[in-house]
Structures are given as structure tokens and as C-alpha cells.
Amino acid sequence: MKKFVYSFNEGNREMKDLLGGKGANLAEMTSIGLPVPQGFTITTEACNEFYKRDKKIWDELEKEIFEFLVKLEDQTGKKFGSDKNPLLVSVRSGAKISMPGMMDTILNLGLNDKVVNTIADVTNNPRFAYDSYRRFIQMFSDVVMEIPKYLFELVLDDIKEQKGYKFDTDLDVEDLKEVVKRYKKIYLDNIKEDFPQDPKEQLIKAVFAVFKSWNNKRAIIYREQNDISHEIGTAVNVQSMVFGNMGDDCGTGVAFTRNPSTGEKEMIGEFLMNAQGEDVVAGIRTPMTIDKLKEENVEAYNQFLDICSTLENHYRDMQDIEFTIENRKLYLLQTRNGKRTAKAAIRIAIDLYEEGLITKDEALMKVEPKQLDQLLHPTFDKEELKNAVVLGRGLAASPGAATGRVCFTAEMAVKKAAEYKDVILVRNETSPEDIEGMTISNGILTSKGGITSHAAVVARGMGKCCVCGCEEIYINEAEKYFKVNGKVYKEGDYISIDGSTGNVYEGVVKTSPEALSDDFYKLMSWADDRRRLMVRTNADTPEDAQNAVKFGAEGIGLCRTEHMFFEESRILAIREMIVSDTKEEREHALSKILPYQKQDFIDIFKVMAQRPVTIRLLDPPLHEFLPSKKEDIEELSKTINVDYNMLMSRIKSLHEFNPMLGHRGCRLAVTYPEIAVMQTTAIIEAALYVKKEEGIDVVPEIMIPLIGDINELRYIENVVKKTADTIIEKSNVELNYKFGTMIEVPRGALTSDEVAESAEFFSFGTNDLTQMTYGFSRDDANKFIQEYKEKKIFEKDPFVSIDEKGVGKLIKIAYELGRKTRPDLKIGICGEHGGDPKSIEFCNKVGLDYVSCSPFRVPIARLAAAQAVIKG
Ligand code: PEP
Ligand code: MG
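Keep in mind that this is a model prediction, so the values were computed, not measured.

*Asks:* In this structure, what is going on with the sheet that holds strand β22 (residues 487-490)? I would like to understand it.
*Replies:* Sheet strands pair via backbone hydrogen bonds, and the direction of the pair is either parallel or antiparallel. Reading across the sheet, the three strands line up as β20-β21-β22 and stay open at both edges, with antiparallel pairing between neighbours. Of all strands in the sheet, those with a lone pairing partner are β20 (474-476) and β22, marking the two edges. If you compare each strand with its neighbour and ignore which way they point, the axes differ by 20° on average.

*Asks:* Would you mind going over the sheet that holds strand β29 (residues 701-704) with me for this structure?
*Replies:* Reading around the barrel, the eight strands line up as β26-β27-β28-β29-β30-β31-β32-β33 and close back on themselves, with parallel pairing between neighbours. Mean inter-strand twist for the sheet, computed between neighbouring axes without regard to direction, equals 25°. In this structure, strand β31 (residues 761-764) lies alongside strand β32 (residues 826-829), joined through four bridges in parallel fashion. Bridging from a neighbouring strand, F761 pairs with K826 of β32. Contacts from helix α34 (residues 807-821) reach β30 (738-743), β31 and β32 within the one sheet, and its direction differs from that of β31 by about 175°.

*Asks:* Could you clarify how one ought to interpret the coordination of the magnesium ion (ligand 2) in this entry?
*Replies:* Ideal geometry at a metal centre: 109.5 degrees between donors when four sit tetrahedrally, and 90 or 180 degrees when six sit octahedrally. Here the magnesium ion (ligand 2) is held by E744 (OE) and D768 (OD), and the distances to it run 2.0 to 2.2 Å. Here the residue E744 occupies a position in the loop between β30 and α30 (746-750), and D768 occupies one in helix α32 (residues 766-774), the gap between them amounting to 24 residues. On the basis of relative accessible area, E744 is assigned to the buried category, the value being 2%.

*Asks:* I would appreciate a short explanation of the packing of helix α5 (residues 126-144) against helix α6 (residues 149-163) in the present structure.
*Replies:* Helix packing geometry: the angle between the two helix axes and the distance between the axes. Following both chains from N to C, one finds α5 and α6 inclined at 155°, their axes separated by 9 Å at the closest point. Between α5 and α6, the crossing angle belongs to the class labelled roughly antiparallel. Contacts between α5 and α6 involve R134, Q138, S141 and D142 from the first element and K149, F152, E153 and L156 from the second. In the contact of α5 with α6, the residues fall into two nonpolar, two polar and four charged.

*Asks:* Whenever I open this one, the nonpolar core confuses me. Can you help?
*Replies:* With 125 residues, the main nonpolar core has L372, F605, F625, I684, I704, F764 and L848 as its most contacted residues. Considering each element in turn, this core owes the most residues, 10 residues, to helix α28 (residues 673-694). Contact partners of I704, with chain neighbours within four places excluded, come to L617, C666, L713, I716, F739, G740, T741 and M742. Core analysis: the next-biggest nonpolar cluster, separate from the first, contains 73 residues, F68, V89, M102 and F140 among them.

What counts, and at which threshold
Residues numbered from 1 in each chain as written. Chains lettered and ligands numbered in written order. Predicted model: local features only at pLDDT ≥ 70, side-chain atom pairs only at ≥ 80, totals over all residues. Heavy atoms only, no water. Pairing = 2+ DSSP bridges. Helix = DSSP H or I, 4+ residues; strand = E, 2+ residues; numbered from the N terminus. Axes fitted to C-alpha atoms, helices over the stretch in contact; angles between N-to-C directions. Contact = heavy atoms within 4.5 Å. Donors = N, O, S within 2.8 Å, 3.2 Å for Na, K, Ca; no water. Buried < 20%, exposed > 50% of the residue type's maximum accessible area, 1.4 Å probe, protein only. Parallel < 35°, antiparallel > 145°, perpendicular 65-115°, else oblique. Nonpolar A, V, L, I, M, F, W, Y, C, P; charged D, E, K, R; others polar. Core = buried A, V, L, I, M, F, W, Y, C linked by side-chain atoms within 4.5 Å.

In C-alpha cells, the structure reads:
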């Protein structure tokens with residue numbers, strides 16, 4: 001029969017999967033001889049079995065728990081429910097990865113009407129006994145039976161008010177007996193049963209509650225935010241109680257062996273005498289700093305210092321330790337690797353290496369790549385956040401913290417920028433026309449769209465904070481207000497958004513600026529020494545490129561040229577080109593755009609110096625460039641001198657039912673080769689210019705999007721190469737360039753042996769590849785993917801982290817077929833997955849040459865690429 005329960009003396013720290021982090025560490029501390037109150041752990045497998053059995057504790061498990069209870073009674077010499085020497089236990093959750101405060105805990109379990117009196121006699125402290133009992137009833141009722149907490153708080157407040165007390169600690173035994181009586185009445189009124197007096201029944205109900213708390217809302221959200229699997233389950237630790245609240249020679253506290261905010265090597269902690277765990281965090285009494293413990297109990301303090309350094313050396317990491325002192329004797333209740341800020345994580349990793357405790361590889365593994373985001377963007381002030389009012393939650397689309405006044409259109413954002421100073425652009429969704437407004441805003445909030453929506457992709461590129469798909473808010477762009485939870489916010493009202501959590505807050509929340517330290521650069525250089533993958537960036541402007549270079553980008557993996565088309569100075573010519581009837585008209589309009597495009601590329605080549613730059617030819621459906629409002633169309637008709645009706649019919653003719661699968665990507669260059677000619681001319685002339693004038697020897701890489709068939713690529717290759725070669729020949733300057741393609745259509749991947757006959761490089765466009773492999777619209781999938789996750793159909797959003805089984809298989813096939821045809825084929829990835837650590841690990845395994853991601857994710861990719869090598 002499978003074993004579902006382990007005594008603390010049966011396990012060790014390697015058993016985290018089974019015993020959870022807390023259980024494994026309690027076992028480990030027991031095995032190295034530290035003073036740990038004894039107990040047992042019910043495994044994570046039991047939790048998973050519990051869910052398989054439709055949330056039932058089955059008979060065999062109950063039997064096994066009771067067997068271990070008897071063992072615990074033998075170990076402690078105490079007995080559950082005894083009227084002589086009663087055993088009381090705590091029941092705590094503990095998943096493999098710690099999720100502080102997300103799941104449930106019950107203390108003082110085993111108390112009942114009889115045991116409370118025994119405890120009063122044994123300890124000679126009836127006040128303590130009744131205080132423990134009332135805490136237990138309250139916790140059990142709240143956590144296990146889900147009776148609202150406030151009902152119990154009202155009773156305490158009522159008695160305090162009647163008696164004129166200020167603190168809970170002012171209540172005497174008789175008051176507490178009255179509290180217990182009234183608490184039990186609340187229980188009876190709500191549950192229609194008496195408060196359970198059988199400790200075994202209490203225990204099984206508590207285990208049930210802890211298992212159930214694995215799937216409470218806050219735990220689910222925490223797992224999602226921290227990339228923790230929903231499948232691993234929590235263990236339950238049943239531990240004999242020691243009491244910090246039995247008198248003035250008792251106490252309880254928590255300490256970090258190093259500073260969790262800065263990483264400095266100094267112990268940070270606090271404690272309270274005559275208190276139980278929750279009092280330290282509840283804020284009712286102000287705890288004392290840990291150094292004051294030496295004034296209360298110098299032996300316990302010195303012993304604690306010794307234990308802290310034993311544990312830190314043992315675990316070779318900063319520890320977060322909970323302790324209790326019962327009658328002057330020190331007990332350890334928990335140790336775990338302490339949670340820390342990104343700044344502290346880096347500092348601690350470097351210090352532990354320099355102190356000789358860990359290797360460089362281990363230091364690199366100690367920093368969570370995604371955490372680096374915290375350092376690259378402003379963040380909200382932690383203290384301020386505690387009081388901030390959350391209006392809603394969307395997808396954490398682009399990290400950072402932003403505060404500003406609401407504008408509902410990009411034009412308004414631009415217009416009001418000077419007056420408002422800080423603007424948050426709030427839209428149902430953004431489109432390329434909004435670029436200027438997005439640039440000017442501190443942050444972007446949308447109610448629709450997913451993690452690869454326009455708003456998200458562009459914001460990440462700019463390093464601008466963005467929360468998207470916040471469906472709780474209803475936006476009326478026309479009447480300029482949004483509504484959430486019955487409250488209305490108008491243009492000019494202040495809101496704050498956190499692109500790292502997806503939270504939207506009311507009003508102004510103060511921010512702290514980005515800060516890159518020497519430690520950051522040091523860790524990054526260690527990562528660079530270790531990684532195999534090159535890291536490029538997706539950048540469309542010299543500013544983005546400059547930022548990316550600052551963060552360590554080794555080239556541009558994707559320059560989306562369409563973003564350059566939207567600038568005020570050129571949009572008119574673009575529109576003229578689109579509505580042209582003949583090739584000649586189109587060429588005329590394109591000739592107006594050419595100098596701008598050339599200058600764009602010159603500027604980018606200059607910033608990137610000799611680094612490789614991949615430029616993708618025009619990709620989006622053309623209607624995206626055209627105005628949709630009547631007055632804008634009228635204005636366009638006047639400016640380009642085309643009859644309004646003719647213009648309207650041309651715009652209508654561009655309408656498509658599925659534009660994402662329509663006339664876009666390479667299909668544009670097939671039907672309008674003159675666009676490819678203009679873009680190639682701009683690229684080659686710019687490269688020649690920087691070579692001649694600046695001595696920068698750039699090798700531009702011209703990339704064709706959305707290839708599904710080799711004949712599409714051959715056709716465009718012919719156009720591009722003829723154009724490029726003619727210009728180069730005429731210039732009398734030697735210039736190399738590369739011609740390649742994106743692999744983002746499944747057919748392109750499956751026939752990539754053919755595709756590689758023409759392409760000198762591949763770049764996986766995994767946004768489209770995911771869209772077309774699953775058949776999910778990347779702009780709409782957010783609506784149901786959240787539900788897929790809740791219903792455990794998907795563990796992760798495939799637009800965020802690569803779907804290794806399906807999309808990944810296509811990548812592997814394309815990689816192998818491509819290299820078969822062309823062994824030196826350069827292969828990278830430039831979809832959003834290029835900045836996702838898990839996907840980077842996959843790319844490393846497959847053997848790609850580089851990943852390309854938005855500028856602000858470059859450091860994340862550098863570290864993730866190093867970790868991928870270390871993981872092997
Ligand atoms: C992609 O499809 O992955 C890609 C990078 O191109 P875009 O997002 O511009 O379609
Ligand atoms: Mg694409």
C-alpha cells in the first residue's frame with residue numbers, strides 16, 4: 001500500500017516533491033539535531049489523491065493519519081484529548097515551493113471544553129488556556145468551516161468596549177470564558193451543530209481544509225503569477241504545539257539570516273514575548289527587533305544565532321526562520337529559503353559565491369530571470385501599495401509601475417500630455433494608429449486583448465508598463481469614461497497600473513525608479529560567460545535599439561518596419577500608396593516614403609554599429625493603415641485629391657473576414673512587389689551609406705514574413721536580390737547582405753528543407769506559429785485561455801510559453817529539415833516566446849543560434865540562456 005504519511009524523523013530535504021518545502025525542512029532540521037517540535041507530514045500525493053477522489057479524505061488515509069498520531073503521542077508522552085497531559089497540534093500547509101500566506105493554517109488543535117481546563121491546571125495559567133481555546137475556535141470556524149471572521153471580531157470588540165479595554169491582552173480569564181461561550185454559539189448558529197469536541201474529528205476536518213485551500217482563489221493567482229504548477233499539490237504538516245504565549249518567559253518570532261530587501265549580510269527579524277505566531281504579523285502589538293532578544297533571554301538569543309548560521313551553511317542560502325520560546329526553551333518551527341527582492345537575490349548570490357559557499361553556476365541559478373524586471377522598471381512603493389485600492393486585474397503584459405491621468409484616445413493623450421504631465425492611456429484595445437499616444441503615456445491599460453495583442457507587444461518593445469485584457473472594466477471611449485464595480489472614472493482622473501502583476505489601482509500610488517547596480521552587471525557578465533544562445537532584440541526604432549544595447553543585446557532579431565509607417569510624416573504617403581489604382585501611382589507614393597525609410601535604417605545601423613540587424617519587410621494587412629472614421633476619410637480624400645466615393649469603395653474592397661489569415665505578410669510583396677523594392681532599396685542604400693560615411697560594416701538581413709510555400713519565397717527573392725544587387729553594383733562598394741525568412745506558418749515549417757534552398761536564415765515567428773498551429777486567434781484567445789487554465793485544460797498560455805509538444809515539434813522539424821539543406825543556416829526565434837525563460841530553455845535544447853526579445857527582456861534572456869546551459 002502506498003505510504004501517504006511520514007514522521008519528521010523519516011524524511012530529509014531532498015523530499016520536497018513529496019513532503020513539501022516545509023515538511024522536508026522540518027525533517028532535515030530534525031535529522032541535524034535541531035530543536036524541532038515533533039510531528040508528521042501528509043504528502044502532496046495525498047493532496048492529489050484527495051482531488052482525484054472528488055475532495056474526500058478516504059478511510060485508509062484517515063487510518064494512516066491516526067497511526068502516526070499514536071506515534072506522535074509516544075514521542076511526546078502526550079495524548080490527544082487527554083485530561084492529564086493533552087497533546088495539541090498545529091496543522092499547516094506546505095507546498096514544494098513556498099506560497100507564503102496563500103493557504104491555511106490551524107493552531108491549538110486538540111482543545112475542547114475538557115482539555116482547556118487540563119491545560120489551565122497543568123500550566124497553572126487559565127488565562128493562557130482560554131485564550132488558546134478562543135483562538136482555536138475562531139481559526140477553526142474561519143478556516144475549516146468558512147464562518148465569516150468578522151462575527152468573531154465583533155464579539156471581542158463588544159467585550160472590550162463594555163469593559164473599556166484597549167488591547168486583546170487586557171481580557172482576563174472570565175472575559176475569555178465569555179468569549180468562548182459566545183464563539184461556540186456563533187458556531188452553532190452557523191453550522192447547526194455544536195463545536196466538535198473530538199480532537200480526531202477536528203484533525204480530519206483541518207486536514208480537509210488545508211487540502212482544499214490549495215485551490216482557493218489567492219493560491220491560484222499566486223501560482224499563476226509565480227509560474228508554479230497547479231498540479232503539485234500541498235502537503236499538510238501536523239506538529240505538536242509549543243507555546244509562545246504561556247507567559248513572559250515565552251515568545252515567538254521570525255528572522256531572515258540576510259536582509260531580504262537589500263541582500264546585505266545582516267540578520268533582520270522581529271519577535272514578541274508572550275505571543276503566538278499570528279500576533280507578530282497581525283500588527284496589534286508592535287514586535288521588537290531581533291537584537292533585543294538578548295535582553296530577554298541571552299541563552300536563547302545566542303543559541304538562535306548559532307542555529308541561524310548552521311542553517312545558512314547547511315542550506316547554502318539565506319534562510320527565513322520561525323521560532324518559538326516556550327518556558328525559556330528555544331524551538332524551531334520552520335526554515336526555508338527566504339523570499340527576496342531582485343536586488344537582494346543578486347547581492348546574496350554574489351556574496352554566497354564570494355564567501356565560498358556556492359559555485360558560480362549555483363549563484364546564477366539563485367536568481368529568477370523574470371525577477372530582473374523589477375530592476376529595469378520603476379516599481380510601486382511597497383508601503384504605499386498596502387493601502388492602495390485595487391480596481392481590477394488584467395494581464396501583466398509589460399512590467400513596470402505607472403501612475404497618471406486617464407485619456408481614452410491616443411490623440412487626447414498627445415493633446416493633454418503637457419497639461420496632465422502623466423497620462424495613462426485607457427483603451428478597449430490599441431491599434432497601430434495609437435503609437436504616438438502610447439509613446440507619450442506612462443502606461444497603457446486595455447480591457448481586451450491578450451499577451452500578444454498590439455498593446456502588449458508594442459508596450460514591451462518600448463519598455464512601457466501595460467496591463468491588458470482587464471475585462472472587469474467597461475470602457476466607453478466615445479463618452480470618455482470607464483466603469484468598474486459601479487464606480488465611474490472620467491478623463492483626467494488618476495489611476496495607477498502595475499504591469500508586473502496586472503493590478504489596476506485607484507488614484508496615485510508612489511513609485512521608486514529603476515536602479516542598475518554593479519552587482520547586476522557582475523551577475524550578467526557571469527551569465528554571458530556561461531550561455532550558448534546569442535541574445536538579440538526586437539526593436540523598431542533607434543531609441544529601442546539603444547536601450548536594448550544598454551541591456552546587452554547582441555543584434556536586432558526583428559525590426560518590424562510597419563511601425564515606422566505610422567509616423568505623422570509618412571502615414572499620408574502610405575495611405576496614398578494603398579489607395580492607388582495603378583502600379584505607377586503606387587510607385588510614386590512609395591518614392592515619397594523611401595527617404596524616410598532609408599533614414600530610419602541609417603539611424604538603427606548607427607546605433608547597432610557592427611551588430612547584425614534583421615529587417616522584416618511589410619507584414620500587416622493594409623487596411624490597418626487606413627482611417628475608419630468618416631471625417632478622417634473625408635480629410636484624406638481632400639489631401640490626396642481622390643474622390644470620396646472612390647476612396648470609400650477602395651477602403652471597402654480592402655475589407656477582409658479574417659485579416660490575420662488574409663492579405664498580409666509575404667502575400668503583400670507578391671501582389672505589390674514595388675513595396676519590397678522600395679524597402680530593399682532603403683535597406684541597401686542605408687547600409688551603403690553607413691559603410692561609406694561611418695565605416696560601419698553592417699550585413700543587413702532582409703527577412704520575409706509568413707512564408708508557407710517555397711515559390712512565394714523564390715518570387716520575392718528574385719525581386720529583393722535584383723534590386724539589392726543592382727544598387728550595390730552601381731555603388732562600387734562591396735556590401736554583403738543576407739536573405740531569409742520567418743517560419744511562422746505551419747506549412748512553411750513542414751517544408752523547410754525546400755524553404756532553406758532560398759533562405760539563408762530562419763527566424764521562428766512563434767506568435768503566428770502558435771496562432772496557426774492551434775487555430776487560436778492571437779487577438780481573441782485571451783477570452784477563453786484564462787478559462788482553459790482555470791479548468792486545467794492548459795497549464796500555461798501557449799502565447800506566453802511555448803507549447804513544446806505541438807508548436808515545439810514544428811520548430812524541431814523545421815530546424816532539422818532546414819539544416820539538412822543548408823548546414824550553416826542561421827536559426828533564431830523572434831516571437832514573444834524569445835523572452836520567456838521556459839521557452840528559452842527549449843530553444844537552447846533544440847540548438848537555435850539566438851533568441852530575440854523586446855529590449856527590457858534582454859537581461860532576462862541572458863540569464864535564462866545561462867540557466868538553460870547549467871540545467872543541461
Ligand atoms: C510572430 O508572429 O511571432 C512575429 C514575431 O511576428 P508578428 O508578431 O509581428 O506577427
Ligand atoms: Mg508574425
